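In case you want the letters, here they are:
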Amino acid sequence: MTRHLRFGAWSFCPDTLVLELDGQSFSLEPRVATLLEYFLANPGEVLSHEQLIEVVWDDRVVSDDAIRRAVSTLRHTLAVDGSDKLITTVHKKGYLANLPAVIEVKPVTVCSQSLIAFPGASNPRLLVVSVLLVSLLAVAWFWLRPGSAAPAEDEEATGLPYTLAVMPFVDLSEHADQAYLADGLAEELLGLLGRFSAFRVPARSSSFQFRDVEASPREVGAALGVRYLVEGSVRRDADRVRVEVRLVEASSGYQLWSQSYSRSLAELFTLQADIAAQVARALQVVLVEPERPAARALESAGPAGAEAYLEYLRARQLMASWRTADLELAIAHLQNVISLAPDFAPAYTRLAEAMLIQANDLGSARRDRVSATVSALVDKSMALEPELGETYALRAMLRPDAELALSEQDLRRSIALSPSYTTAYELLAQLLFWGGHRDEGLVLIDQARSLDPLWPRGHYVKALMMLSSCEQEEAAELAREALRVNPRFRSGLVMLGSIVASRGELAEAARLQELALSLDPRAVWVRERLHMTYLDLGELAAAREVGGGSFVAQWREHHFLGNHAAAGEMIYAMDPAQIEGGLSLWAQTNSVLVAAMTSGDYARARRYLGERFDYAGGLPATIAPEDRYHLLNLLLVWYGPDYDASAQGLIAGLWRDLSAAHQETRSCIPEYRALVQALAAVTLGRVDESLAVLRNAIESGGVFAGWHWIIGNHPGFALLVQEPGFKQMLGERQALLVEQRGLLARLRAEGAVPLRGQGVGSPGSGDPVSVVRLLARPAAAQ
């Protein structure tokens, strides 16, 4: 049952936020509805700012401007009856509501919904909204089915937000050299509208896909799942900019509103708010304008503010590509923005974002080196403007694993402040999914995909989730969907390459990853994945060309060739802080183990592990799941080469834990876990069980595509290598590799894959290394 209050000619349902007068309905934003209810409960009283903050804002820290805007919105709504005296301001004391006495009508089942007419229709109705946004659960209503081709049939009648897309603005400048300005204005408008809970706005990554595409408004609306399109053009002439904007109904192509603006460069930032207000007014929506510290920061910078904003727009356009070279340029532009307008908060947020993207591309070591700088940028942005949702998502990404609860809190805050910010949904979905809340994570990632249907990363993130659940077919299809919406999406190309490689389609994996590398030749992580694929194919010379002599490439090549002493020396000599960027703890400790097994120098290995990991034998009382894998290597070094009963007991206990974990959380992402479990089993003499683990992992795609050379060169697997069943697996692999190299040669002849490894001055240049050759070495070399 719903409460129903009457005061004078007005009718108010606090539970549904609907206010009515003479058949006219008004949907109030929740904070404004609470404000009205508080005024009605305290007739004739002067209510101070402090009282309003305590009751209406739940004692949160809010500015006086926020209170004034909410009161102004309520006053404006109530003035529909012709009176603007119902709420008065008492100087330096607060507000007095001169409202009629309240009559509480007996509860009713339903209060009227507010219906908002199209512009020009008779009896238009008003929807009042605010940027004081609702929580995550409250925004669940605005999602359509993933992949849905049409918006809700009647948004106005159901109270859903308006679905609209901001299309890329057209550059009409004389020399057509202001694309960054046109893109920037459209993207900033998109971001501003996306902060209001009245609107659901696909991100740039979706709407900008239609640049230079001939498509009708109906087709665009169907593809993006929106009802309205905001289109525009920009013409710059010296220091003046002319902007034309129009609002179009997608289904009919009917232009609902248009407006031309002529502004100086210094006025561009505030123009966004003007356009947003006009768009909202055309849809019969009144926006409570948020505080704009950023606008004040540009104004206070004087003439430099205009140049700062242009620099900011240049950076935004460059960041959209995610290419390494573009990110470097964007960072330079953003640093210039900060020097020109040091109080412009969005510049700090974007600079932190650009540096974090760049660091992730260059490995975890680079990320560790910049994390303090990025954190300081995030803190500065929050201090200048605490209501930027994107900044909270960045802070969540920077938090350590021990602060997952705080990360979740930041991400939910990000969504509340920016309900259309897709990245926050993706990050929260991952946090929940891998934190044990699988179903909620899947719901959130589908919401992100629906909000931004042409943004490939949403499909990519869900593919990662499916891979972790061994649903490889669905993961592959999601990766293909990411590439359908953006064929140049590097992560999708690399992921699909990894999936097909685990199935044995190594030539196709090389093609996909070569394409990814061609799109961004400086992306270190793409180069490393392709390097591994060529080694898996036995194409050593091609791998060396791709690897370029990096630390990780050389280390991996040594292992490929069985040069374990050289690989171990690299680990011993390298600063651990630098190693972290490219090698996992398992890879580091495994390299030390293999070097000790090959040379027999366990004493040196023990000294290194003691200094590096502060390890002195045994197993900790509590073992984190992610630590089980490198702990086996520590055990085998510490107690080797002859394992007494005590050592065997420790290894057996860890093996049982590994087996149980594998059964509970089976993972199909190609990685080392199956190798660790198999190594523990063969060390205990359980060769059949080791073989079974490997065969199951290989068939399910749960182990490296290059398992044949990793295991074949590992002294710890010497017993397994002699087994007929393992030799049969190797024979099958050899036949597969011969076939795949033939396919690779065909792709090279067709120009689909570049010819690599020619003229590389190294033994075996251009000569594929086969499984047979790898395992034909004398036992001592293994």
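Everything below is about the structure printed above this text.
Note that the structure is a prediction, hence the values are computed from the model and not measured.

Enquirer: Explain the overall build of the protein to me, using residue names and the numbers behind them.
Expert: Of the regular secondary structure elements, the protein holds 36 helices and 16 strands. Buried residues in the protein amount to 55% of all 782 residues. Long-range contacts, defined as pairs at least 24 residues apart, comprise 64% of the intrachain contacts of the protein with a sequence gap of at least 6. As displayed, the protein has an accessible area near 32,300 Å², and 52% of this comes from carbon and sulfur atoms.

Enquirer: So what's going on with the pattern of salt bridges? Which residues, and what values?
Expert: In a structure, side chains of opposite charge can pair up when their charged atoms sit close to one another. The final tally for this structure, using the stated rule, is 33 salt bridges. Ionic pairing is found between R748 and E539, a salt bridge with its closest N-O pair at 3.4 Å. With R748 in helix α35 (residues 724-749) and E539 in the loop between α22 (524-537) and α23 (540-547), this pair connects stretches of sequence that are 209 residues apart. A single salt-bridge network, built from bridges that share partners, covers R395, R399, E403 and D410.

Enquirer: An account of the packing of helix α28 (residues 602-613) against helix α29 (residues 628-639) is requested, with residue identities and associated values reported.
Expert: The packing of two helices is summarised by the inter-axis angle and the distance between the axes. Interhelical geometry of α28 versus α29 gives an angle of 135° and a closest axis separation of 8 Å. Relative to α29, α28 is oriented oblique. Here α28 runs over α29; the crossing is left-handed. Note on element contacts: α29 touches α28 through L634, L636, V637 and W638, opposite Y602, A605, R606, L609, G610 and F613. Across the contact of α28 with α29, the residue classes break down as eight nonpolar, one polar and one charged.

Enquirer: Quick one: what's the story with the sheet that holds strand β7 (residues 94-97), residue by residue and with numbers?
Expert: The three strands lie next to each other as β5-β7-β6, forming an open sheet whose pairing is antiparallel. Only two strands of the sheet have a single partner each, and these edge strands are β5 (46-47) and β6 (87-90). One ladder, built from two bridges, connects β5 with β7; its direction is antiparallel. Following the sheet pairing, L47 is matched in β7 by Y95.

Enquirer: Explain unusual backbone geometry to me, using residue names and the numbers behind them.
Expert: In this model, G640 is joined to P641 through a cis peptide bond whose omega is 5°. By the secondary structure assignment, P641 is in the loop between α29 and α30 (645-664). Here the phi dihedral of A238 falls at roughly 60°; this positive angle occurs in a residue that is not glycine. Within the secondary structure, A238 is located in the loop between β13 (228-237) and β14 (240-249). The class of A238 is exposed, set by a relative accessible area of 57%. Here D614, not a glycine, exhibits a phi torsion of approximately 55°, which is positive. Position of D614 among the secondary structure elements: in the loop between α28 and α29.

Enquirer: Tell me about the nonpolar core, residues and numbers included.
Expert: Judged by nonpolar contacts, the single largest core of 122 residues is most densely connected at Y534 and F726. Discounting chain neighbours no more than four positions away, the residues touching F726 are L691, L694, W707, I711, L720 and V721. In terms of nonpolar packing, the next biggest core, distinct from the first, is built from 77 residues, L181, A359, M382 and L417 among them.

Enquirer: Report on the environment of D410, specifying residues and quantitative values.
Expert: Inspection of the secondary structure assignment puts D410 in helix α15 (residues 404-417). It is 7.1 Å that separates the C-alpha atoms of D410 and R395, two residues lying 15 residues apart in sequence.

Enquirer: Give me the lowdown on the packing of aromatic side chains, citing residues and values where you can.
Expert: For the structure shown, the criterion picks out 11 aromatic pairs. Ring geometry for F7 against W10: centres 6.3 Å apart, planes inclined by 15°, an arrangement best described as stacked. By the burial criterion, F7 is buried, and W10 matches it. Considering the side-chain rings of Y309 and Y312, the 6.2 Å spacing of their centres and the 20° angle between planes classify their relative orientation as stacked. Within this pair, Y309 and its partner Y312 are both found in helix α10 (residues 303-319), separated by three residues, close to a single helical turn. Taken as a pair, Y309 and Y312 share a single burial class, namely buried. Each residue in the set Y162, F199 and Y228 is aromatic and connected to the rest through ring pairs, giving one cluster.

Enquirer: Explain the pairing of β7 residue by residue, including any values.
Expert: Bridge analysis of β6 against β7 gives four bridges, and the strand direction is antiparallel. Across the sheet, the residue bridging to T89 is Y95, located in β7. If you look at the hairpin formed by β6 and β7, you'll find three residues sitting between the two strands, and K92 has a positive phi there, around 65°.

Enquirer: I'd like a rundown of the environment of M465, residues and numbers included.
Expert: Looking at the element boundaries, M465 is found in helix α18 (residues 456-468). For the pair M465 and F433, spaced 32 residues apart in sequence, the C-alpha separation works out to 7.6 Å. Not counting chain neighbours up to four residues away, the residues in contact with M465 comprise A429, Q430, F433, W434, G441, L442 and I445.

Enquirer: Could you give an account of the side chain of H630, naming the residues involved and the relevant values?
Expert: Among the secondary structure elements, H630 is positioned in helix α29. Sequence-distant contacts of H630, that is, excluding residues within four places in its chain, are made with L585, W586 and T589.

Enquirer: Which residues make up the packing of helix α21 (residues 506-519) against α35, and what values do they have?
Expert: Two elements in contact, α21 and α35, have axes whose closest approach is 7 Å; the angle formed by their N-to-C orientations is 40°. Between α21 and α35, the angle is such that the two are oblique. Here L506, A507, E508, A510 and R511 of α21 lie close against α35, whose contacting residues are R733, L737, Q740, L743, L744 and L747. Looking at side-chain class alone, the contact of α21 with α35 contains seven nonpolar, one polar and three charged residues.

Basis of the calculations
Each chain has its residues counted from 1, following the order in which its sequence is written. Note on the predicted model: pLDDT of at least 70 is required for a residue's local features to be given, and 80 or more for side-chain atom pairs to be given and counted; whole-chain, interface and lining totals, by contrast, use all residues. Each side-chain value is derived from all of the structure's non-hydrogen atoms; neither hydrogens nor water enter the calculation. To qualify as a helix, a DSSP run of H or I must reach at least 4 residues; to qualify as a strand, a run of E must reach at least 2; elements of each kind are numbered from the N terminus. Buried, partly exposed and exposed residues are distinguished by accessible area as a fraction of the type maximum, computed with a 1.4 Å probe on protein chains only: under 20%, between the cut-offs, and over 50%, respectively. Any two residues having at least one pair of non-hydrogen atoms within 4.5 Å are treated as being in contact. Using a 1.4 Å probe, the Shrake-Rupley method yields the accessible areas, and only the shown protein chains count as cover for residues. Between Lys or Arg on one side and Asp or Glu on the other, a salt bridge is scored when a side-chain nitrogen of the former is within 4 Å of a carboxyl oxygen of the latter. Structural elements are reduced to axes, namely lines fitted to C-alpha atoms, with helices fitted over the stretch in contact, and the angle between N-to-C directions of any two is expressed from 0 to 180 degrees. Comment on the angle field: the value is read as roughly parallel under 35 degrees, roughly antiparallel over 145, roughly perpendicular from 65 to 115, and oblique elsewhere. With the far helix as reference, a near helix turned anticlockwise by less than a right angle produces a left-handed crossing, and one turned clockwise produces a right-handed crossing. Three categories are distinguished: nonpolar for Ala, Val, Leu, Ile, Met, Phe, Trp, Tyr, Cys and Pro, charged for Asp, Glu, Lys and Arg, and polar for the others, with Gly belonging to the last. At least two DSSP bridges between two strands are required for those strands to pair. Residues grouped as a nonpolar core are buried Ala, Val, Leu, Ile, Met, Phe, Trp, Tyr and Cys residues, joined through side-chain atoms within 4.5 Å. Only the six-membered ring of Trp is used, alongside the rings of Phe and Tyr, when aromatic pairs are assigned; centres must lie within 6.5 Å, and planes under 30 degrees apart are stacked while those over 60 apart are edge-to-face, with the rest tilted.

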